[in-house]
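# An overview of the molecular structure
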Amino acid sequence: MVTIKDIANAANVSPSTVSRVISGNSRISVATQEKVKKIMADFNYQPNHAARTLITKKSKTIGIIQKQGDKATRQNPFIIEVLSGVYIECKYHDYATISTTGEQTSEIIAEVKHLIQSHAVEGFILLYSKENDEIANLLKQHAIPYVVIGKPINNENVVHIDNDNILASQLLTRYLIDLGHKTFLFLAEMGDYEVVKDRIKGYKQTLKVANLKPSIMFTDLSRQQIINHLKALVTENALPTIIITSDTMLNQLVLSALYELNITIPEDIQTATFNDSYISAYAAPPQTAVDIQPQLLGKAAGESIIKLVKDSHIEYMNKIIPTHIINRCSTKKF
DNA sequence: ACCGTCATGGGCTATGTCAC
DNA sequence: GTGACATAGCCCATGACGGT
């Protein structure tokens, strides 16, 4: 491994001179700067991250905390898109990222504690918003800066990056009513997540105004549970004309269940989902979806946490990322 | 203005010292 | 001889300070 000493020896200068060249210190002559830079390039020198962290006490790393869930939850396109936004923004500011991998809350807590105690990260991004969250409480206890992708729960000094999920749900529901739908089913994942609460709220409000009955089903993402529920609705002749899902993965389960029950979209039933992704676009048939712009959510979160770790006196401003409906073949006018 | 010397940081390993 | 504990030294980059 090439170190700053090797560069110094090759350039016939001291290590501190090389250090100054790296940090752009103006006290170094242009000639020396050019000489050192050429040797660094020739040697393919890369600064030692551990040594730099040791002296600066800055790891230049942002921790990303994912909500509890199995591998499939972490591979959700929404998460991947958000992470991509965070990576892009952090990389732009020369920050690295590290993400939790635990499936259970206890595992995630252990990971976060380790990251805090080993000074491995300067701040965190929480990819979810949840009431009485143990992990958020842990970060507060340790006074670690963090931002949340999700809805603010209390009036705390925490930056939140969010969509207006109530409005998004109102607009989607209104759009579906305008297509001629009168019987609705909202399928939502279980858990105490604020995003789901808001989407259901917007859905209920809009149906109430239209004098229509809101039907809601919570699921633990079990395909068999969804099949059983849909079978029961068919038996009772109570199949809705539209199924809205709170997430694209749930939407995929619904498509799979409908296929098994030989119910076709959009002829027998129509479908629409939140969290648009390439999966919604490539589904059969392509799904009408609400694009919540996850990459922008990630980028905004990355920008905010880096501002926060660099200057703890910033203004705690929440950011709302706009959403829009993408109309595809899974819905049509009656 | 320019550049070198040296102390510094936390964690780890190697070495030394002591008691049993 | 062995184990427990203490101390020294190393890793690497940074920055205060000082010399030319």
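Higher on the page you've got the structure.
Residues numbered from 1 in each chain as written. Chains lettered and ligands numbered in written order. Predicted model: local features only at pLDDT ≥ 70, side-chain atom pairs only at ≥ 80, totals over all residues. Heavy atoms only, no water.

On to the sheet that holds strand β12 (residues 324-326), then. With respect to topology, six strands assemble into an open sheet ordered β7-β6-β8-β9-β10-β12, the strand pairing being mixed. In this open sheet, the two strands that pair with only one neighbour each are β7 (216-219) and β12. Adjacent strand axes in the sheet meet at a mean angle of 20 degrees, parallel and antiparallel pairs treated alike. For strand β9 (residues 270-274) and strand β10 (residues 288-291), the ladder comprises three bridges, and the chain directions are parallel. If you follow Ala272 over to β10, its bridge partner there is Thr288. Here helix α10 (residues 194-209) sits on the sheet and contacts β6 (184-189), β7, β8 (242-245) and β9; the angle it forms with β6, its principal contact strand, is near 170 degrees. (Pairing = 2+ DSSP bridges. Helix = DSSP H or I, 4+ residues; strand = E, 2+ residues; numbered from the N terminus. Axes fitted to C-alpha atoms, helices over the stretch in contact; angles between N-to-C directions. Contact = heavy atoms within 4.5 Å.)

It is worth spelling out helix α9 (residues 165-179) at this point. Along an α-helix, a turn takes 3.6 residues, which lines up residues three or four apart on a common side. End to end, α9 covers 21 Å across 15 residues, agreeing with the expected 21 Å (1.5 Å per residue, within 8%). Asn165, Ile166, Ala168, Ser169, Leu172, Thr173, Leu176, Ile177 and Leu179 are the residues of α9 that are buried. Following α9 by one or two positions, Gly180 adopts a phi angle in the positive range, close to 115 degrees. (Expected span 1.5 Å × (residues − 1). Buried < 20%, exposed > 50% of the residue type's maximum accessible area, 1.4 Å probe, protein only.)

Pairs can form between side chains of opposite charge whenever their charged atoms are close. The full count for this structure, using the stated rule, is nine salt bridges. Across the salt bridge formed by Lys67 and Glu189, the nearest N and O atoms sit 3.4 Å from each other. On the criterion of sequence distance, the pair formed by Lys67 in the loop between β1 (61-65) and α5 (71-74) and Glu189 in strand β6 is long-range, its members being 122 residues apart. By the burial criterion, Lys67 is buried, and Glu189 matches it. One salt bridge connects Asp178 with Arg174, and the closest N-O pair in it is separated by 3.1 Å. Taken together, the residues Asp178 and Arg174, both in helix α9 and four residues apart, mark about one turn of the helix. Since its relative accessible area comes to 35%, Arg174 is described here as partly exposed. (Salt bridge = Lys/Arg side-chain N within 4 Å of Asp/Glu carboxyl O.)

Our focus in this paragraph is the protein's contact with DNA strand B. Near DNA strand B there are 15 residues, and of these Thr17, Arg20, Arg27, Ser29 and Thr32 occur at the shortest range. Considering DNA strand B, the proportion of its atoms within 4 Å of the protein that are sugar or phosphate atoms stands at 41%. Within the side chain of Thr17, a nitrogen or oxygen atom sits 2.3 Å from a phosphate oxygen of DNA strand B. Contact distances for DNA strand B include 2.4 Å between a phosphate oxygen and a side-chain N or O atom of Thr32. Of all elements in the fold, only α2 (15-23) and α4 (49-56) reach the threshold of two or more residues within the surface near DNA strand B. For the surface near DNA strand B, the class distribution of residues is five nonpolar, seven polar and three charged. (Near = heavy atom within 4 Å. Polar contact = N/O pair within 3.5 Å; in protein donor to acceptor, adjacent residues only side chain to side chain. Nonpolar A, V, L, I, M, F, W, Y, C, P; charged D, E, K, R; others polar.)

This part covers the protein's contact with DNA strand C. Near DNA strand C there are 13 residues, and of these Ile4, Ser19, Arg20, Tyr45 and Arg52 occur at the shortest range. Ile4 places a main-chain nitrogen or oxygen 2.5 Å from a phosphate oxygen of DNA strand C. A distance of 2.9 Å separates a phosphate oxygen of DNA strand C from a polar atom in the side chain of Tyr45. Of all the secondary structure elements, the ones that give two or more residues to the surface near DNA strand C are α2 and α4. Tallied by class, the residues present in the surface near DNA strand C amount to six nonpolar, four polar and three charged.

With that settled, consider a nonpolar patch on the surface. A contiguous nonpolar surface patch, about 230 Å² in accessible area, is contributed by Leu167, Leu171 and Ile325. Its place among the elements puts Leu167 in helix α9. (Patch = residues over 30% accessible without salt bridge, like charges linked within 9 Å, V, L, I, M, F, W, Y side chains within 5 Å. Areas by Shrake-Rupley, 256 points an atom, 1.4 Å probe, with all protein chains shown as cover.)

The next thing to look at is the environment of Ile263. By the secondary structure assignment, Ile263 is in the loop between α12 (248-260) and β9. For Ile263 and Leu230, which are 33 residues apart along the polypeptide, the C-alpha to C-alpha distance reads 9.9 Å. When near neighbours in sequence (up to four residues on either side) are disregarded, Ile263 contacts Val234, Leu239, Leu258, Asp268 and Ile269.

Attention shifts here to helix α11 (residues 223-235). The end-to-end C-alpha separation of α11 is 18 Å, in line with the 18 Å expected for 13 residues at 1.5 Å each. Looking only at α11, the buried set comprises Ile226, Ile227, Leu230 and Leu233. Axial view of α11: buried residues confined to an arc of 125 degrees, hence all on one face. Against the buried residues of α11 lie β6, β7, β8 and α12. (Arc of directions from axis to C-beta.)

Nothing here speaks to function; it is geometry throughout.
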